[in-house]
Amino acid sequence: MSQTFYRKGFLALAVATAMGAASFAQAADIKIGVAGPMTGANASFGEQYMKGAQAAADAINAAGGVNGDKIVLTAYDDACEPKQAVAVANKAASDKVAGVVGHFCSSSTIPASEVYDEAGIIAITPGSTNPTVTERGLSAMFRMCGRDDQQGIVAGDYIVDVLKAKKVAVINDKDTYGKGLADATAKQLTARGVKPVLEEGLTRGEKDFSALVTKIRSTGADVVYFGGLHPEAGPLVRQLREQGLKDVKFMSDDGVVTDELVTTAGGAQYVDGVYMTFGADPRMLPDSKAVVEQFRKSGYEPEGYTLYAYASVQALAAGFNGAKSNKGEDAAKFLKAHPVKTVMGEKAWDTKGDLKVSDYVVYQWDKDGKYHQLEKQK
């Protein structure tokens, strides 16, 4: 989906949200913020968040809302920038939101969650996987996704067991998420007896990777693993192919789960064969069938984190309803003690706010620019 369409859609959503808030002015509202990259290079993920969250809010409101109150969503744009994330977190707190679905980039979620914790706001991130997110003792910080130290194990094992790699170059984008995941994958590779032949960082926003490609070629790597997001993954894989490394396998992570990977790579022919790790495709679950059909009837494919955001709003609503309170601390206590049903199946959390069960699997992109979940290897 084009950025132009997204911006128009986002403006329409903002207007609709404002009109909705006005129409509910006579009744009580429960405000939920949706925080993430609504603009910038990673705006496709913000779009996924908003599409999923809005659909869930609409369904919950139609069923009676939260403790009899209507959910009203507000988008908060952090552009995947930590300083901006703190600013929007403070704005959300001043807006008296009861809960937050967000953020996306771990480097944004970590500082923003400190603000939410101080304000007593419950937050669920659909996509931040760095372990630090839930390792600081915050009482109301949750994930709807797994962790890097889980994802890295799956990636490392697949590279060794299935791709049969002997020489692996591990690249990261120097960001909290990308480097953390690359380090976790490198650790697992080393534990499996395949110590990376290269561990190198690139800079987010960079587009010319000629020097890096030359360095990768000099190592004789048969697999390149990249920890980071699609704006850098796309150009990197294209330049690997254009500069002669067509047989080198390329693997990345859940930061490239968007069709924007094809755009940033310059065409489906460059992403054909690319591997990535992500949670088991929620679109294939029985619990998501009706919701997925509704999205598709509207002309939107609920890819990537769309259903993760949908499930996050469901979890917040379940927490508030279960606690019979719209206070974040009360909802957090309820969620840590009770599993809840979501569009992604039943979810349960430990005392840290991490999911008790994580389901990372491997996907592969094809010549048509689509990704497909691969069968689990025995």
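What you see is a predicted model; the values in this text were computed from it and never measured. (Residues numbered from 1 in each chain as written. Predicted model: local features only at pLDDT ≥ 70, side-chain atom pairs only at ≥ 80, totals over all residues. Heavy atoms only, no water.)

### Examining the UniProt feature "domain: Leucine-binding protein" (unreviewed entry) in the chain
Working step 1: The UniProt feature table records "domain: Leucine-binding protein" (unreviewed entry) at residues 30–370.
Working step 2: With 43% helix and 18% strand, residues 30–370 has its two end C-alpha atoms placed 38 Å apart. (UniProt positions renumbered as here; feature names shortened; annotations may be inferred. Helix = DSSP H or I, 4+ residues; strand = E, 2+ residues; numbered from the N terminus.)

### Some thoughts on the pairing of strand β8 (residues 223–227)
Working step 1: Burial of β8 is extensive: five of the five residues sit out of reach of the surface.
Working step 2: The alternating pattern of β8 places Val223, Tyr225 and Gly227 on one face and Val224 and Phe226 on the opposite face, and all of these are buried.
Working step 3: As judged from the five bridges shared by strand β6 (residues 168–172) and β8, these two strands associate in the parallel manner. By the bridge assignment, asparagine 172 is partnered in β8 with glycine 227.
Working step 4: As defined by bridge partners, β8 adjoins strand β9 (residues 249–252) across three bridges and the pair is classed as parallel. What sits directly across from valine 224, in β9, is phenylalanine 250.
Working step 5: Note that the unit made of β8, helix α8 (residues 230–242) and β9 has a crossover that is right-handed. (Buried < 20%, exposed > 50% of the residue type's maximum accessible area, 1.4 Å probe, protein only. Pairing = 2+ DSSP bridges. Right-handed = clockwise from strand over helix to strand, strands pointing away.)

### Section: the pattern of salt bridges
Working step 1: Applying the stated criterion across every chain, the model contains 17 salt bridges.
Working step 2: A salt bridge links arginine 136 to glutamate 114; the shortest N-O distance between them is 2.9 Å. Pair noted here: arginine 136 is in the loop between β4 (122–125) and β5 (141–143) and glutamate 114 is in helix α4 (residues 106–119), with a separation of 22 residues, a long-range link.
Working step 3: The closest approach of N and O atoms between aspartate 354 and arginine 147, which form a salt bridge, is 2.8 Å. Taken together, the residues span a long stretch of sequence, with aspartate 354 in the loop between β12 (345–347) and β13 (360–365) and arginine 147 in the loop between β5 and α5 (148–161) at a distance of 207 residues. Like arginine 147, aspartate 354 is buried.
Working step 4: Shared partners join several salt bridges into a network, and the residues in it are Glu135, Arg143, Arg147, Asp149, Lys352 and Asp354. (Salt bridge = Lys/Arg side-chain N within 4 Å of Asp/Glu carboxyl O.)

### What about the state of the cysteines?
By definition, a disulfide links the sulfur atoms of two cysteines through a covalent bond.
Working step 1: This model, assessed by the stated rule, comprises one disulfide.
Working step 2: Cysteine 145 takes part in no disulfide bond, and the closest cysteine sulfur, belonging to cysteine 105, lies 12 Å away.
Working step 3: Residue cysteine 145 is classed as buried on the basis of its relative accessible area of 7%. (Disulfide = S-S within 2.5 Å.)

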